[in-house]
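A look at the structure
So you can see what is in the structure, the chains are spelled out below.
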Amino acid sequence: MEWQFAKILLLYRALHVLQWFGTAPAMVRSLTPVWVGIVIVVLAGAETVALTARLIHLREYGGARTALMQVGTGVVMLALAAVAAPPTDRTSVLAPLVIWTTGQISGAALAKSPPVLIAGTAAISATYIVAIALANPADLLRSETIIALSGFVALAVLIERGTSFLRRSAADLSDLSRRAAEERHHRELTDELHNHWAHIVHRVAEHDCGRAGEFEHLRGLLFKEHARLRAFIDTGRPAERLGLVETVHREIRDAAELGLVAEPLLSQAFRERDGEVPQAVLDALESALRAVLLNVVTRARCDRAFIRADVDGDLVSIAVRDLGPGFPPDVRLNSLARHRERLRALGGDLCVSSSEHGSTVILKVRPDQGGDPR
């Protein structure tokens, strides 16, 4: 977020530099002596170089030190112009500096330092008032002067308030994302605990105390299961990678929480490819299947679907069919497009057929793409 703000400020400064190529020469010629105008241009260039280098190095605005550099330079530039500007039509002569100092105030508003922003805006405004009043106090009531002064204050308030709001929003979204990840982790932990204890209870119930070595075998199994569970709790990842079949069943269980009853029909050929799909392909297939089932519930408004998984030549395919009123056009064109691109990049595809009598989505992947399996 802070780097994005910094890049916007750099773009804003680049626009001001382009404007100065057209307006600064006339301002320099209007100042007496001319060397004062040259000093002002040199100061502007030096400040631009320092600001750009600092923002690129820090990848953020840089706090109160950067703000002090900017507003301090702005005050010095205005003070020099106040001494050298002609007494007539000063508002027009100082117009390039007004534009430049608004950019400096905009930067100071990113510093997360209200005292520096307030003091800097006040100093720039006061210097500008003095510069105008030294020539003709009546010019303070001209519309150009009032617009410039009000612009200083309004810009400082709007940018400071706006960036504060964006920072709070970004923090809230980050917290929301963290909580969502924690909730998913808790669900995964619940599944892992269920599988863990169900497996243990089954083995305990089936063991034969009279069989030689059975107790030691059972004891070793308990230690192994404890290690798997400990690894999951520590890393947040399932102890073992899921295969094709379990991936389909897990997405069906997740969809059931949304009220969708999905009936699977998995061919024997599909089951035989269970351990042959690389992780990258499996992740893309799982993500696409989750998106399809979610759209069946939320967009097709259907509570029942049929899933057929099979092997078609070199492709593993999963077809999801529902009997709802069909997907809206934006689902076919937008919602599933990202998943289609991801599957195509891995040698697969995503095909959608939708009408008022129902929808069919076919997911296809190539097991020989995406790296080594398991």
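Here, every reference points to the structure presented above.
Residues numbered from 1 in each chain as written. Predicted model: local features only at pLDDT ≥ 70, side-chain atom pairs only at ≥ 80, totals over all residues. Heavy atoms only, no water.

Details of the overall build of the protein chain
Which entries qualify depends on this criterion: Secondary structure elements follow DSSP: runs of H or I of four or more residues count as helices, runs of E of two or more count as strands, with numbering from the N terminus. Throughout, exposure labels follow a simple rule: accessible area from a 1.4 Å probe, protein chains only, divided by the maximum for the residue type, with under 20% read as buried, over 50% as exposed, and the rest as partly exposed. We call two residues contacting when some pair of their heavy atoms lies within 4.5 Å.
Across its full length, the protein chain holds 13 helices and five strands. Within the protein chain, buried positions represent 38% of all 374 residues. Contacts in the protein chain between residues at least 24 apart in sequence constitute 72% of all its contacts with a sequence separation of at least 6.

A short note on the pattern of salt bridges
Rules: Salt bridge, as applied in this entry: a Lys or Arg side-chain nitrogen positioned within 4 Å of an Asp or Glu carboxyl oxygen.
Summed over the entire model, instances satisfying the criterion amount to 12 salt bridges. Residues Arg 167 and Glu 2 are paired through a salt bridge, measuring 2.6 Å at the closest nitrogen-oxygen approach. Placement of Arg 167 in helix H7 (residues 143–206) and of Glu 2 in helix H1 (residues 2–30) is noted, with a sequence separation of 165 residues between them. Judged by its relative accessible area of 16%, Arg 167 falls in the buried class. Relative accessible area serves as the criterion here: at 18%, Glu 2 is assigned to the buried category.

Remarks on the environment of Arg 342
Along the chain, Arg 342 turns up in helix H13 (residues 337–345). Take Arg 342: its relative accessible area is 35%, and that puts it in the partly exposed class. In sequence terms Arg 342 and Leu 285 are 57 residues apart; their C-alpha atoms lie 9.1 Å from each other. When residues no more than four places from it in sequence are discounted, the contact partners of Arg 342 are Asp 283, Ala 284 and Ser 287.

A short note on the environment of Pro 114
Locating Pro 114 in the fold gives a position in helix H6 (residues 114–135). Note: C-alpha distance between Pro 114 and Val 157 (43 residues apart in sequence) is 9.9 Å.

A look at a nonpolar patch on the surface
Note the threshold: What goes into a patch is any residue over 30% in relative accessible area without a salt bridge, connected to like charges within 9 Å or, for nonpolar side chains (Val, Leu, Ile, Met, Phe, Trp, Tyr), within 5 Å. Values of accessible area rely on a 1.4 Å probe in the Shrake-Rupley scheme; residue burial ignores everything except the protein chains shown.
A surface patch of nonpolar side chains, about 470 Å² in accessible area, is lined by Val 34, Trp 35, Ile 38, Val 39 and Val 42. As for its position among the elements, Ile 38 is in helix H2 (residues 34–58).

Remarks on the pairing of strand S3 (residues 315–322)
Within a regular strand, side chains alternate between the sheet's two faces. As a reminder, the rule being used: Strand pairing is assigned whenever DSSP identifies at least 2 bridges connecting the two strands.
Most of S3 is tucked away, with six of its eight residues classed as buried. Sheet analysis places strand S2 (residues 304–312) next to S3, joined by eight bridges and oriented antiparallel. Within the sheet, the bridge partner assigned to Phe 306 lies in S3 and is Arg 321. Counted between consecutive antiparallel strands, the loop separating S2 from S3 contains two residues, among which Gly 313 sits at a positive phi close to 65°. In this structure, S3 lies alongside strand S5 (residues 358–365), joined through seven bridges in antiparallel fashion. Directly across from Ser 317, in S5, lies its bridge partner Lys 364.

Structural notes on H6
Let me state the cut-off plainly: Helix span, as expected, comes to 1.5 Å for every residue beyond the first. Comment: arc refers to directions from the helix axis out to C-beta atoms.
The terminal C-alpha atoms of H6, which comprises 22 residues, lie 32 Å apart, in line with the 32 Å expected from a rise of 1.5 Å per residue. Among all positions of H6, only Val 116, Leu 117, Gly 120, Thr 121, Ile 124, Ser 125, Thr 127, Tyr 128, Ala 131 and Ile 132 are buried. Along the axis of H6, the buried positions cluster into a sector of 155°, meaning they face one direction only. In H6, those exposed residues whose orientation departs by more than 90 degrees from the buried face are Pro 115, Ile 118 and Leu 134.

Some words on the nonpolar core
Rule in force here: For the purposes of this section, nonpolar cores are sets of buried Ala, Val, Leu, Ile, Met, Phe, Trp, Tyr and Cys residues that join through side-chain atoms within 4.5 Å.
Counting 43 residues, the largest nonpolar core has Trp 20, Ile 40, Tyr 61, Leu 94, Leu 97 and Tyr 128 as its most contacted members. Elements with a contribution of two residues or more to this core: H1, H2, helix H3 (64–84), helix H5 (95–108), H6 and H7. Broken down by element, the residue count for this core peaks at eight residues, all from H1. The residues touching Trp 20, leaving out its near neighbours within four places in the chain, are Pro 25, Met 27, Ile 40, Val 41, Ala 44, Met 77, Pro 96, Leu 97 and Trp 100. Residues Ala 255, Leu 266, Ala 305 and Val 316 belong to the second largest nonpolar core, which totals 37 residues.

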